[in-house]
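Chain by chain, the residues:
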Amino acid sequence: GAVVSQHPSWVICKSGTSVKIECRSLDFQATTMFWYRQFPKQSLMLMATSNEGSKATYEQGVEKDKFLINHASLTLSTLTVTSAHPEDSSFYICSASSRGTSGSSLDEQYFGPGTRLTVT
Amino acid sequence: SQELEQSPQSLIVQEGKNLTINCTSSKTLYGLYWYKQKYGEGLIFLMMLQKGGEEKSHEKITAKLDEKKQQSSLHITASQPSHAGIYLCGADGGSNYKLTFGKGTLLTVNP
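In this text the structure is predicted, and so the values were computed from the model without any measurement.

Rules behind the numbers
- Residues numbered from 1 in each chain as written.
- Chains lettered and ligands numbered in written order.
- Predicted model: local features only at pLDDT ≥ 70, side-chain atom pairs only at ≥ 80, totals over all residues.
- Heavy atoms only, no water.
- Helix = DSSP H or I, 4+ residues; strand = E, 2+ residues; numbered from the N terminus.
- Salt bridge = Lys/Arg side-chain N within 4 Å of Asp/Glu carboxyl O.
- Disulfide = S-S within 2.5 Å.
- Buried < 20%, exposed > 50% of the residue type's maximum accessible area, 1.4 Å probe, protein only.
- Core = buried A, V, L, I, M, F, W, Y, C linked by side-chain atoms within 4.5 Å.
- Contact = heavy atoms within 4.5 Å.
- Pairing = 2+ DSSP bridges.
- Axes fitted to C-alpha atoms, helices over the stretch in contact; angles between N-to-C directions.
- Phe/Tyr/Trp six-rings, centres within 6.5 Å; stacked < 30°, edge-to-face > 60°.

Peer 1: Could you clarify how one ought to interpret unusual backbone geometry in this entry?
Peer 2: Excluding glycine, residues mostly have negative phi values, and the peptide bonds linking residues are mostly trans. A cis geometry characterises the amide bond from His7 of chain A onward to Pro8 of chain A, with omega recorded as 0 degrees. Positionally, Pro8 of chain A belongs in the loop between β1 (4-7) and β2 (10-13). Between Ser7 of chain B and Pro8 of chain B the backbone carries a cis peptide bond, its omega angle lying at -5 degrees. Examined against the element boundaries, Pro8 of chain B turns out to sit in the loop between β1 (4-7) and β2 (10-14). A positive phi angle is found at Lys69 of chain B, which is not glycine, with a value near 60 degrees. Assignment of secondary structure puts Lys69 of chain B in the loop between β7 (61-65) and β8 (71-76).

Below you can see the structure in the form of structure tokens.
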């Protein structure tokens, strides 16, 4: 199956600093990538959808200026948490799909291994 | 918005026992995905169901989608410790592949 990697797998940063998380599709071109956030013992919550070459679409309640998403190529999307605060500490997971959003049939999303962010 | 309810929230079984996890949607499902997650790790894709009445199996895991496409079940036969983890169902509401997830079912298999 398709492989999606994330880097770093875990990061600790100080409050007020910014941290960038990378999501890469290793063996396929991802026209669409999704960013999720997961709190302990809770489900995944979709934060935003990014399509290569265009602006990300953010879910309601997600601050676009705080969570900057860039999908500059078909194999790489980045999530930058700006001016991080302790409440941003969470597990961030990306997923990638090889079909565009205009596709008429479903295709599974391939998930990365996640990045644990701790803001002190 | 679409909501998924999973039951039970957690499950402890003895090795070798069968078990079933349910996922119920508030709306008709265009697609239903089952994933397994080890705590603090990414999701492993298990199966995807699209058609009403569809049933798929992989090794000892069987997933079904009801005819009305609002409920799915995941059945594990002769459970093993390797089956332990969090099982999540995800639903495609038909719009841009965005998935809505249930809260997950934590499965513990005791040897």
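Having put the structure on the table, let's press on.
Peer 1: Whenever I open this one, the pattern of salt bridges confuses me. Can you help?
Peer 2: Any two side chains of opposite charge can pair, given that their charged atoms come close. Inspection of every chain in the model, using the stated rule, returns four salt bridges over all chains. For the salt bridge of Arg24 of chain A with Glu22 of chain A, the shortest nitrogen-to-oxygen distance reads 3.4 Å. Close ionic contact of Lys64 of chain B with Glu55 of chain B constitutes a salt bridge, the shortest N to O distance being 4.0 Å.

Peer 1: I'm lost on the state of the cysteines in this one. Help?
Peer 2: What we call a disulfide is simply a covalent bond connecting the sulfur atoms of a pair of cysteines. Scanning the entire structure with this criterion turns up two disulfides over all chains. At a sulfur-sulfur separation of 1.9 Å, the disulfide partner of Cys23 of chain A is Cys94 of chain A. Between Cys23 of chain A and Cys94 of chain A, the S-S torsion sits near 80 degrees, and that sign places the bridge as right-handed. Residue Cys23 of chain A is found in strand β3 (residues 19-25), and its partner Cys94 of chain A is found in strand β9 (residues 90-97); the two are separated by 71 residues along the sequence. A single burial state applies to Cys23 of chain A and to Cys94 of chain A, both of which are buried. The disulfide that involves Cys23 of chain B links it to Cys89 of chain B, with 2.1 Å between the sulfurs. Looking down the S-S bond of the Cys23 of chain B and Cys89 of chain B bridge, the torsion is 75 degrees, so its handedness is right-handed. Remark: Cys89 of chain B occurs in strand β9 (residues 85-92) and Cys23 of chain B occurs in strand β3 (residues 19-25); sequence separation between them is 66 residues. Among the residues examined, Cys23 of chain B registers a relative accessible area of 0% and is labelled buried.

Peer 1: Would you mind showing me how to read the nonpolar core here?
Peer 2: Within soluble globular proteins, side chains that are nonpolar generally end up buried alongside one another. All names here are of chain A. Judged by nonpolar contacts, the single largest core of 26 residues is most densely connected at Phe67 and Leu117. Those elements giving two or more residues to this core turn out to be β2, β3, β4 (32-38), β5 (44-51), β7 (67-73), β8 (76-81), β9 and β11 (115-119). In contact with Leu117, not counting residues within four places along its chain, are Val11, Cys13, Val19, Val81, Asp88, Ser89, Ser90 and Tyr92.

Peer 1: Is there a simple way to explain the sheet that holds β7 of chain A in this structure?
Peer 2: Residue and element names in this part refer to chain A. Strand order in the open sheet formed by four strands is β1-β3-β8-β7, with antiparallel pairing between adjacent strands. For this open sheet the edge positions go to β1 and β7, each flanked by a neighbour on one side alone. Neighbouring strand axes in the sheet, compared pairwise and without regard to direction, differ in orientation by 15 degrees on average.

Peer 1: What's the story with the packing of aromatic side chains in this structure? I'm lost.
Peer 2: The relative placement of two aromatic rings is captured by the distance of their centres and the angle of their planes. Summed over the entire model, instances satisfying the criterion amount to 10 aromatic pairs over all chains. Here the aromatic rings of Phe67 of chain A and Tyr92 of chain A are separated by 6.4 Å at their centres, their planes lie at 45 degrees, and the arrangement is tilted. With Phe67 of chain A in strand β7 and Tyr92 of chain A in strand β9, this residue pair connects regions lying 25 residues apart in the sequence. Plain terms: the ring middles of Tyr35 of chain B and Phe101 of chain B are 5.9 Å apart, the flat faces sit at 55 degrees to each other, and that makes the pair tilted. Of this pair, Tyr35 of chain B sits in strand β4 (residues 31-37) while Phe101 of chain B sits in strand β10 (residues 99-101), placing them 66 residues apart in sequence.

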